[in-house]
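Given next are the chains, with one letter for each unit.
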Amino acid sequence: MVSALLSDLATEIIIPVCAVIGIIFSLIQWALVSRVKLVPNGPSHNTKNGFNDSLIEEEEGVNEHNVVIKCAEIQNAISEGATSFLFTEYQYVGIFMVVFAVLIFLFLGSVEGFSTKSQQCTYDIHKMCKPALATALFSTVSFILGAITSVLSGFLGMKIATYANARTTLEARKSVGKAFITAFRSGAVMGFLLAANGLLVLYITINLFKLYYGDDWEGLFEAITGYGLGGSSMALFGRVGGGIYTKAADVGADLVGKVERNIPEDDPRNPAVIADNVGDNVGDIAGMGSDLFGSYAESSCAALVVASISSFGINHEFTAMCYPLLVSSIGIIVCLITTLFATDFYEIKAVKDIEPSLKNQLIISTVLMTIGIAIVSFIALPSSFTIFNFGIQKTVHNWQLFLCVCVGLWAGLIIGFVTEYYTSNAYSPVQDVADSCRTGAATNVIFGLALGYKSVIIPIFAIAVSIFVSFSFAAMYGIAVAALGMLSTIATGLAIDAYGPISDNAGGIAEMAGMSHRIRERTDALDAAGNTTAAIGKGFAIGSAALVSLALFGAFVSRAGIQVVDVLTPKVFIGLIVGAMLPYWFSAMTMKSVGSAALKMVEEVRRQFNTIPGLMDGLSKPDYATCVKISTDASIKEMIPPGALVMLTPLIVGTLFGVETLSGVLAGSLVSGVQVAISASNTGGAWDNAKKYIEAGASEHARTLGPKGSEPHKAAVIGDTIGDPLKDTSGPSLNILIKLMAVESLVFAPFFAAHGGLLFKL
C-alpha cells in the first residue's frame with residue numbers, strides 16, 4: 001500500500017493553522033461590525049459602494065439622537081436578559097456536568113475493577129493496550145473539554161448576536177444592503193469561532209492524549225469519544241432550556257398582544273417583548289451553536305474511532321488518521337472564501353436580493369467544498385487501505401472515500417433546498433397554508449400538519465441514498481465521513497442560521513425604538529429570509545444527526561462485540577419499539593413545558609395590561625423584568641425532566657437489559673426521531689412564514705388575505721403560535737436526542753459489554 005502524499009509534519013501544521021485562520025477571520029468580522037457605533041452621529045451623505053448613507057429619519061424628521069440612545073438601551077436590556085439566563089442555566093448544567101463526569105469515571109473504571117494493569121486490546125487480542133482505568137480517566141477529561149467547548153460556543157454566539165442586533169437596526173436606516181452585511185458578518189463571527197474552536201480543541205486534545213497512549217491508538221480514540229458526549233449533552237440542555245424560554249415568551253406575547261389586544265409584534269407596550277427578543281438569542285443562537293458543535297464533535301469522534309481499528313490505526317498512519325480533521329480544516333478555508341461573496345464580492349441593493357444571496361452561500365460553499373474534499377482525499381489518503389467492517393477489514397480506495405464525503409455534502413444541500421421549498425413563502429406550499437386561513441385556524445392547522453409530513457419524503461430519500469452509497473464504499477467509516485461532509489461547511493451554515501435571529505431582534509428593536517415604517521419593512525424583509533435560513537439550518541442539523549447517530553451506532557455495535565443485530569429476537573425488538581416511542585415521549589414533555597410556561601406568561605401579560613394605568617395608551621412602561629424572570633424560571637425547571645429522559649435511558653437499558661436491547665433502542669429512536677424532527681420543524685416554519693406572507697402583503701394573493709387584524713391573519717397567528725414549540729423546541733431538540741443516546745452508548749460500551757444485562761443474568 002502506498003503512503004499518503006501529505007507528510008505527517010505538514011498535517012500537524014495545516015490543521016492548527018486553518019483553525020487559527022478561522023479564529024482570526026471571525027475577529028476581523030467582529031471588528032467590522034463594531035465600526036457601527038451605538039452613539040449618535042452627525043448627518044452623513046456618503047455614497048461609497050453604491051450605498052446612500054443619508055438616513056431615512058433625516059428625511060422624515062425623526063430625532064436621530066433619541067432613536068440611537070433608545071436602540072442602545074433596548075440592546076443592553078436584551079443582552080443582560082440573555083446573559084443572566086445563560087449564567088443561571090450553566091449553574092445547573094455545571095452540576096450535571098460534574099455528576100456525569102464522575103459516573104463516566106466510575107462506570108468505565110469498574111470494567112476491569114479499577115485495575116492499573118495493561119489489558120488485551122479489544123480488536124487485536126495479541127497486543128496489550130492501556131488499562132481500562134486510563135480510558136475512564138481520559139474519557140472523563142475529554143467529556144469535560146467537550147462540554148466546556150460547547151458551552152463556550154453557545155455563549156460566544158449569544159454575545160455577538162446581542163452585540164449586533166441594534167447595529168443591524170441602525171444600518172437599516174441607510175440601506176437594506178448595509179443592514180444585511182452587518183447581520184451576516186455577525187453570524188459569520190459565530191460560525192467561524194465555533195468551527196475553528198471545535199477543531200482546535202479536538203486536535204490539541206488528541207495530541208496531548210497521544211503523549212500517554214503512544215502506539216495504543218485504539219485506546220486513545222476510544223477515550224476521545226467523550227468529547228462528542230460532552231458537546232451533545234450541553235447542547236441538549238441549551239436547546240431544550242433555550243427553546244422553552246423563547247417559545248414561552250413568544251407564545252405569551254403573541255396571544256395577548258396580537259390576538260387579544262391587536263397591537264403589532266414587538267410593540268414596546270407588550271410586557272413580554274424583551275423576553276421574546278432574549279429568547280431568540282438563547283434558543284436559536286446559543287442552542288443552535290451548541291447543537292451543531294455537538295454534531296461536528298460526534299461525527300469526528302465516530303470517524304476517528306472506526307479509523308483507529310482500520311489500517312490507519314494499525315499501521316500508525318497519522319495523516320490518514322487525521323483525514324476527518326483535514327476535511328474540517330479545508331472547510332474553514334472554503335467557508336471563508338464563500339463568506340466574501342456575501343459581504344464583499346456581491347452587493348445587496350434591494351430586498352429581493354437577500355434570499356438569493358443566502359441561497360448562493362449554500363451553493364458556492366458546496367461546490368468549492370467538493371473541490372477541497374477531492375484535494376484532501378488524494379493527498380492525505382493512500383491510494384488503497386482497509387477499513388474495519390464488523391470484524392473484518394474491507395479494502396477501500398481513496399476515490400471511494402472522496403465520494404462518501406461528497407454524497408453527505410450534496411445530500412445536505414438537497415435537504416437545505418427541500419426545507420426552503422416547504423418553509424419559504426416564495427413557494428406554493430406555504431402560500432397554500434396561508435390561503436387555508438380564509439376558513440379559519442382549523443384548516444390552517446390541517447394544511448400545516450400535512451405540509452410537515454409531506455416535507456419528510458425527499459430528505460429521507462437523500463439520507464437513505466447517502467447511507468447506501470457511503471456504507472457500500474467504506475462501511476461505517478463511510479457513513480461517519482458522509483456526516484462530516486454534511487457538516488464540513490458548518491461555518492457558512494451557522495452564519496446564515498445566526499443571521500435569522502439577529503435580523504429578528506433588529507426588527508424588534510426598530511419597533512420598540514419607534515422607527516419609521518420604512519425601516520420596519522426592511523428589517524421584516526431581513527427577518528423573513530432569516531426564517532427560511534433558520535429552517536434550512538435545522539434541516540442540516542437533523543440530516544447530519546441521522547448520519548452521525550448511525551455512524552456512532554455502528555461504532556457502538558463493534559465496540560460492544562455484537563456480531564449481528566437481529567430485529568426478530570425479543571431482546572432487540574422490545575428495544576426497537578421502545579426506542580421508536582422515545583421521540584414522542586420527549587416531544588410531549590417539551591411541548592407541555594412550553595404550554596405551561598406560556599400559560600404563566602399569558603396570565604402575567606394580561607395582568608399588566610389590566611392593572612397598569614395608561615399601558616395601552618403608551619403613557620406608562622410595562623414591567624419587562626417579571627416576564628424575563630417567568631421565562632427563565634420556567635425553562636430552567638422544565639428542561640430537567642426531558643434531559644434526564646435522554647441521558648438516563650441508555651444507562652438504564654444497557655445496565656439492566658444489555659447491549660442487544662440497547663442496540664434496538666438506538667435503532668428505533670433514530671428511525672422515528674428523524675421523521676418527527678423534520679416534520680415538526682418544517683410545519684412550524686411553514687406556519688410562521690404563512691403568517692408573515694399575509695402580514696407583508698407583497699402579492700395580490702397576500703393582500704386578499706390581509707391586512708393585519710383580519711380574520712385570516714388571526715387564523716395564521718394561531719397556527720404560528722402552535723408551530724412555535726414544534727419548530728424551536730421539540731423539533732430541533734430531537735436531533736440531539738438521537739445523537740446523544742448513540743454517543744453515550746458508545747462511551748459506556750465497555751461497561752455494558754462487561755457487566756450489562758443484569759435482568760437477563762438473574
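Just so you know, the residues in each chain are numbered from 1, in the order the chain's sequence is written. For this predicted model, a pLDDT threshold of at least 70 governs which residues receive local features, and a threshold of 80 or more governs which side-chain atom pairs are given and counted, while totals over whole chains, interfaces and linings are taken from all residues. Water and hydrogen atoms were dropped before computing side-chain values, which therefore reflect all heavy atoms in the structure.

(A) Highlighting the environment of G448. Its location among the elements puts G448 in helix α14 (residues 441-454). Considered as a pair, G448 and A690 are 242 residues apart in the sequence and their alpha carbons are 9.4 Å apart. Residue contacts follow a heavy-atom distance rule, with two residues in contact if any of their heavy atoms lie within 4.5 Å. Not counting chain neighbours up to four residues away, the residues in contact with G448 comprise V433, T683 and W687. The numbering of helices and of strands both runs from the N terminus, where a helix is a DSSP run of H or I of at least 4 residues and a strand a run of E of at least 2.

(B) Inspection of the packing of helix α6 (residues 217-260) against helix α20 (residues 640-657) at higher detail. Axes here mean lines fitted to C-alpha atoms, for a helix over just the part in contact, with angles spanning 0 to 180 degrees between N-to-C directions. Relative orientation of the contacting elements α6 and α20 amounts to 155 degrees, with a least axis distance of 10 Å. Taken together, the axes of α6 and α20 lie roughly antiparallel to each other. Relative to α20, the crossing made by α6 is right-handed. Packed against α6, whose contacting residues are S233, L236, F237 and V240, the element α20 presents P642, G643, V646 and M647 at the interface. In what follows, roughly perpendicular refers to angles from 65 to 115 degrees, roughly parallel to angles under 35, roughly antiparallel to angles over 145, and oblique to any angle outside these ranges. Rotating anticlockwise by less than a right angle from the far helix to the near helix defines a left-handed crossing, while the corresponding clockwise rotation defines a right-handed one.

(C) Highlighting the pairing of strand β4 (residues 392-397). Where strand β3 (residues 384-389) meets β4, 6 bridges bridge the pair, whose relative direction is antiparallel. Within β4, the residue paired with T386 across the bridge is T395. Where β3 hands over to β4, the hairpin turn is made up of 2 residues, of which F390 adopts a positive phi near 50 degrees. A pair of strands is considered paired only if DSSP assigns at least 2 bridges between the two.

(D) Layout of a nonpolar patch on the surface. A cluster of nonpolar side chains, contributed by L5, I363, V367, I371, I375, I379 and W410, occupies part of the molecular surface with about 630 Å² of accessible area. Considering every element that reaches the nonpolar patch, the biggest residue donor is helix α11 (residues 354-380), with 5 residues. Position of I379 relative to the elements: it lies in helix α11. Every patch collects residues that have over 30% relative accessible area and no salt bridge, joining them within 9 Å if they carry like charges and within 5 Å if they are nonpolar side chains (Val, Leu, Ile, Met, Phe, Trp, Tyr). To be clear on the numbers: accessible area is Shrake-Rupley with a 1.4 Å probe, and residue cover counts the displayed protein chains and nothing else. The rule for a salt bridge is simple: a side-chain nitrogen of Lys or Arg has to be within 4 Å of a carboxyl oxygen of Asp or Glu.

(E) How the structure looks around the environment of S79. Within the secondary structure layout, S79 lies in helix α3 (residues 64-109). Among the residues examined, S79 registers a relative accessible area of 15% and is labelled buried. As a C-alpha pair, S79 and I160 span 81 residues in sequence and 9.7 Å in three-dimensional space. In contact with S79, other than residues within four places in its own chain, are K159 and T162. Exposure is judged per residue with a 1.4 Å probe applied to protein chains only, and the accessible area is read against the type maximum: over 50% gives exposed, under 20% gives buried, and values in between give partly exposed.

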